[in-house]
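Results of the structural survey
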Amino acid sequence: MEWTDRTPSTHQLRYPFPMAKLAYLGPQGTFCEAALRRLQPDAERMPCPNVGAALDAVRNGEADGAVVPMENSVEGAITETLDELAWGAPLLITGEYLLPVEFSLLARPGTELGQIKRILTHPAAHTQCRGFIEKELPGAVVIAASSTAAAAQEVASPASPYDAAISPAIAGEYYGLVELASNIGDRKDTVTRFVQVSPPGRLPEPTGADRTSLVAFLRDDHPGALLEMLSEFAVRGVNLSRIESRPTGDGIGRYFFHFDCEGHIADARVGEAISGLYRLCSGVRFLGSYPRADRVAPKIKPGTTDTDFETAAEWLARIRAGQV
Ligand SMILES: O=C(O)C(=O)Cc1ccccc1
């Protein structure tokens, strides 16, 4: 059975070097699987019960890489992925894919809309379909599943206590459910960003339209600490595309930060900004530099090109040598 895509594939990006076996958030039929098929159509697919298990499969060598959800244009970060990348053995993001997502309400054959009291789905799908649930299924309760397809698989069991799943339409075909409503997201233009993760090693080459991801831990808490971090990017003309604070787990008010910025660590301005953060912070974890799925190149501020940095370094060297 083939994945039937109802949305135009305008964000296609093939990863430059193919991977034989990729772990992903399973089971078969998730949005994550759809993203993986676009990124690496020829790879062997290894479904995993959650994001942590998919990343661990890369860490322990069972898979050559993984594809996991990172953020959604409506719901924001997939925090499970942010935390799994920040802690544990380091991994590298080596690619990304922007998948337009459409949700369907799926149930066992014979179920009618009025009978639906208990809905199972992934929390990110729940928050994006709140309007539909309030209007069409008032009083129904929504229970969290590990993925949209895991929800469909569970609902397919005749003994399941759940009446319906919110999932991609293809999951209904895989698990023998019927589609009671289609395209039920509150916004019709939702996109989810998936990342391809590899073991540490070779970085993708700079392409001129790249993104860099990292996490940074504060050395100490003081007024302006976050502003100081942001300044490292700002003074070098590096544009941020995402910033997220996540609790360190050490107590209320203790946070670390995820940053995505435009450009590649090989770009002087990005490398210098990250070195600046390294001096400022108690720890920085580089999560990868990889081609942007939308292929948008950054606007470079005058004075922040690689040549500008080189010229300034040469000038400083001459001054230090007494050549005033
Ligand atoms: O559960 C899935 O199918 C996923 O791939 C995670 C997810 C859930 C909801 C929106 C986007 C991605």
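Residues numbered from 1 in each chain as written. Predicted model: local features only at pLDDT ≥ 70, side-chain atom pairs only at ≥ 80, totals over all residues. Heavy atoms only, no water.

Turning to the UniProt feature "domain: ACT" (unreviewed entry) in the protein, a few remarks are in order. Taking the UniProt record as the reference, the feature "domain: ACT" (unreviewed entry) is found at residues 214-292. Structurally, residues 214-292 is divided into 29% helix and 37% strand, and its ends, taken at the C-alpha atoms, are 15 Å apart. (UniProt positions renumbered as here; feature names shortened; annotations may be inferred. Helix = DSSP H or I, 4+ residues; strand = E, 2+ residues; numbered from the N terminus.)

Taken as a whole and judged by the stated rule, the model has 16 salt bridges. Put simply, glutamate 33 and arginine 45 hold a salt bridge, and the shortest N to O gap is 3.8 Å. Taken together, the residues glutamate 33 in helix 1 (residues 31-39) and arginine 45 in strand 2 (residues 44-48) connect sequence positions 12 residues apart. Here arginine 236 ties to glutamate 232 by a salt bridge, and the two come within 2.7 Å at their closest N and O atoms. Assessed through its relative accessible area of 13%, arginine 236 is described here as buried. A single salt-bridge network, built from bridges that share partners, covers Glu71, Glu96, Arg193, Arg211, Arg242, Glu244 and Asp260. (Salt bridge = Lys/Arg side-chain N within 4 Å of Asp/Glu carboxyl O. Buried < 20%, exposed > 50% of the residue type's maximum accessible area, 1.4 Å probe, protein only.)

Our next topic: the site of the ligand. Taken together, the residues surrounding the ligand are Leu25, Thr30, Phe31, Cys32, His122, Ala124, Ala125, Ser147, Thr148, Thr192 and Phe194. Here an oxygen atom of the ligand sits 3.0 Å away from a polar atom, N or O, in the main chain of cysteine 32. Within the side chain of threonine 148, an N or O atom sits 2.5 Å from an oxygen atom of the ligand. In this structure, the ligand is accommodated by the largest cavity. In the shell around the ligand, the residues fall into 6 nonpolar, 5 polar and no charged. Both domains that meet at the shell around the ligand, namely domain 1 (21-100 + 193-198) and domain 2 (104-181), each give it at least three residues. (Near = heavy atom within 4 Å. Polar contact = N/O pair within 3.5 Å; in protein donor to acceptor, adjacent residues only side chain to side chain. 1 Å grid on protein atoms, 1.4 Å probe; cavity = no way out; pocket = protein on both sides within 12 Å on 5 of 7 lines; lining within 4 Å. Sits in = over half its atoms within 2 Å of the grid points. Nonpolar A, V, L, I, M, F, W, Y, C, P; charged D, E, K, R; others polar. Domains from an automatic or database assignment.)

Here helix 8 (residues 225-234) crosses helix 9 (residues 268-280) at 160 degrees, and the two axes come no closer than 8 Å. Relative to helix 9, the element helix 8 lies roughly antiparallel. For the pair helix 8 and helix 9, the sense of crossing is right-handed. Listed contacts from helix 9 to Glu228, Met229, Glu232 and Phe233 of helix 8 are Ala273, Gly276, Leu277, Arg279 and Leu280. Within the contact of helix 8 with helix 9, the residues separate by chemical class into 5 nonpolar, 1 polar and 3 charged. (Axes fitted to C-alpha atoms, helices over the stretch in contact; angles between N-to-C directions. Parallel < 35°, antiparallel > 145°, perpendicular 65-115°, else oblique. Left-handed = near helix turned anticlockwise from the far one by under 90°. Contact = heavy atoms within 4.5 Å.)

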